[in-house]
Amino acid sequence: MRRTGMKQLILALTFGAFAAGSASAQLRLTLDDAIQMALSENPTIKVADLDVERYDYVKKETRGNLLPSLSASGEYTRAIEKSTMRGGISFGADNTFTGTASLSVPLFAPAVYRTLKLNRTQIASAVEAARSSRITLVAEVKKAFYNILLAEQSLATLEESRATIQRTVDDTKVKFEQGVASEYDYLTAQEELGNRLPTITQTKNSIRVAMLQLKMYLSVPEALSIELVGNLDEMKDVVLAGGETLSTDVSRNSDLRALDIQAEMLRYQLKTTNAARIPTVAAFGSATITGNDMEDFRKMVSGGAEAGTGEAVADLNSSKYFWTHPISVGVQISIPIFSGLKNSYKSRQVKNQIEQLDLQRDYAQRQTTVAVESAINNLLTARETMLAQARTMAQADKAYHISDTRFRAGAGTILELNSAQLNRTQAHLNYSQAIYDYLSAQADYDRIVGREVGGN
């Protein structure tokens, strides 16, 4: 999946500003933008796509075995000592030049036909592996995106809580100086404020770590500033508005589909192995041109020439070499008879692998069924927890406002106010965590059932 032209332009401008040293270079990303960028730039996706391309080359290589094969060779021979018969007659040439061209055309090659089907299944396996990588990456990007939003929303809650406590500290200080509030109330308010600072610092650090993880998925420089668009509440509303189509159908689960394709590959591998027992037929042709240095033979013919051989002697004298150029064509059939039972044992090995894979497939089916049931249960539980935390947060807000009013009216204590403030802050944090758990559970469910981006 590739980015649109507009996204490419935005990224080009952003990276251009970053490369130029602009301190304001910042990338604003929605969740969809982050997913599309990860699918385009992440190395795991690129590697998976290259693997598909590699198996396409493998198929083309196999198909090349059905095309004619043409070869040529050349040879030069210098005779150091030639064969000599009794009487001093020698055979052979001092110098020999040979050129040969051979052509072979497969007419019937069953093993190649089976291998081509195996190659097509290998491509399907690579495509499924690429699909699995995309599904897994999308789930990880979503969870990383949600994690950053959770940390940012938690930080906002803690900062708001700190500001509220700071206001209480300031008011209590004034009352203490006026003698209306006790020193205990003032010290308690300060202590509560101090307790917030470490948590805020820890949350800021978690945002930086989560941002680094997201940048890793997006394959962007760590120094590039990224601003995420959206918040957990908005994304929760989008998911809820889309409706939850929860099903236990795992037919699109990538792991199970990969096992099915692997089983098909083994079946074709078995057919390819068995095809080695079938005869093959090929047509062939060859052409050879040979030039022999026949100096000795020419002298012998010239010395013993009889009447009527003058024309032959003239032909020999006209050229230093005697050339021949035979051409032959034919059909060759190769019939396997006995190969030491190698093919039989290869077939048994593949059948053994098929049996193993059947057992693995059955076990994986049961595991996936349990996993999808667990994912549905986690999703429904997270949704109910989220709705419950929303009610708890509303109650905590109301309780805090009542406690704050009582404290300022002199009817409540600082401990009561601090407890209400702590409960309110925790309720907001729990609500944000509940949304994150719900969205993460949805992402895990989509991954298990093999739901792709934009798919059902």
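Structure first, text after, so check above.
Residues numbered from 1 in each chain as written. Predicted model: local features only at pLDDT ≥ 70, side-chain atom pairs only at ≥ 80, totals over all residues. Heavy atoms only, no water.

Side note on the overall build of the protein chain
Here is step 1: If you tally the helices and strands in the protein chain, you get 11 helices and 9 strands.
Here is step 2: When each of the 456 residues of the protein chain is scored for burial, the buried share is 35%.
Here is step 3: Counted over contacts in the protein chain with a minimum sequence separation of 6, partners at least 24 positions apart contribute 85%.
Here is step 4: Total accessible area computed for the protein chain in this model is approximately 26,300 Å², and 55% of it derives from carbon and sulfur atoms. (Helix = DSSP H or I, 4+ residues; strand = E, 2+ residues; numbered from the N terminus. Buried < 20%, exposed > 50% of the residue type's maximum accessible area, 1.4 Å probe, protein only. Contact = heavy atoms within 4.5 Å. Areas by Shrake-Rupley, 256 points an atom, 1.4 Å probe, with all protein chains shown as cover.)

Regarding the pattern of salt bridges
Here is step 1: According to the stated counting rule, one finds 22 salt bridges in the structure shown.
Here is step 2: The residue Glu 227 makes a salt bridge to Arg 28 at a minimum N-O spacing of 3.3 Å. Placement of Glu 227 in strand β6 (residues 225-228) and of Arg 28 in strand β1 (residues 26-29) is noted, with a sequence separation of 199 residues between them.
Here is step 3: A salt bridge links Glu 41 to Lys 46, with the shortest nitrogen-to-oxygen separation between them at 3.7 Å.
Here is step 4: In this structure Lys 46 comes out as partly exposed when scored by relative accessible area, which is 39%. (Salt bridge = Lys/Arg side-chain N within 4 Å of Asp/Glu carboxyl O.)

A closer look at the pairing of strand β7 (residues 280-293)
Here is step 1: Pairing analysis gives 12 bridges linking strand β5 (residues 95-108) to β7, with the strands arranged antiparallel. The partner of Ala 101 across the bridge, within β7, is Ala 287. (Pairing = 2+ DSSP bridges.)

A few points about the packing of aromatic side chains
Remark: the centre distance and the inter-plane angle together describe each pair of aromatic rings, the angle taken between the planes.
Here is step 1: On inspection of all chains with the given rule, the structure shows 2 aromatic pairs.
Here is step 2: When the ring of Tyr 76 is compared with that of Phe 97, the centres are 4.9 Å apart and the planes differ by 40°; the resulting orientation is tilted. Of this pair, Tyr 76 sits in strand β2 (residues 69-78) while Phe 97 sits in strand β5; the two residues are 21 residues apart in sequence, bridging distant segments of the chain.
Here is step 3: A relative accessible area of 46% means that Tyr 76 is categorised as partly exposed.
Here is step 4: Since its relative accessible area comes to 33%, Phe 97 is described here as partly exposed.
Here is step 5: With a centroid separation of 6.3 Å and an interplanar angle of 65°, the aromatic rings of Phe 108 and Tyr 113 are classed as edge-to-face.
Here is step 6: Overall, the relative accessible area of 30% leaves Tyr 113 in the partly exposed class.
Here is step 7: A cation over a ring is seen here: Arg 54 above Tyr 55, with NZ or CZ 4.4 Å from the ring centre. (Phe/Tyr/Trp six-rings, centres within 6.5 Å; stacked < 30°, edge-to-face > 60°. Lys NZ or Arg CZ within 6 Å of the ring centre and 35° of its normal.)

Let's talk about the environment of Ala 443
Here is step 1: Within the secondary structure, Ala 443 is located in helix α11 (residues 414-449).
Here is step 2: Accessibility expressed as a relative area gives 4% for Ala 443, which makes it buried.
Here is step 3: Remark: the alpha-carbon pair of Ala 443 and Glu 140, spanning 303 residues in sequence, is separated by 8.2 Å.
Here is step 4: Apart from residues lying up to four places away in sequence, Ala 443 is in contact with Ala 139, Lys 142 and Lys 143.

Everything listed here is a matter of coordinates, which is why it stays silent on function.
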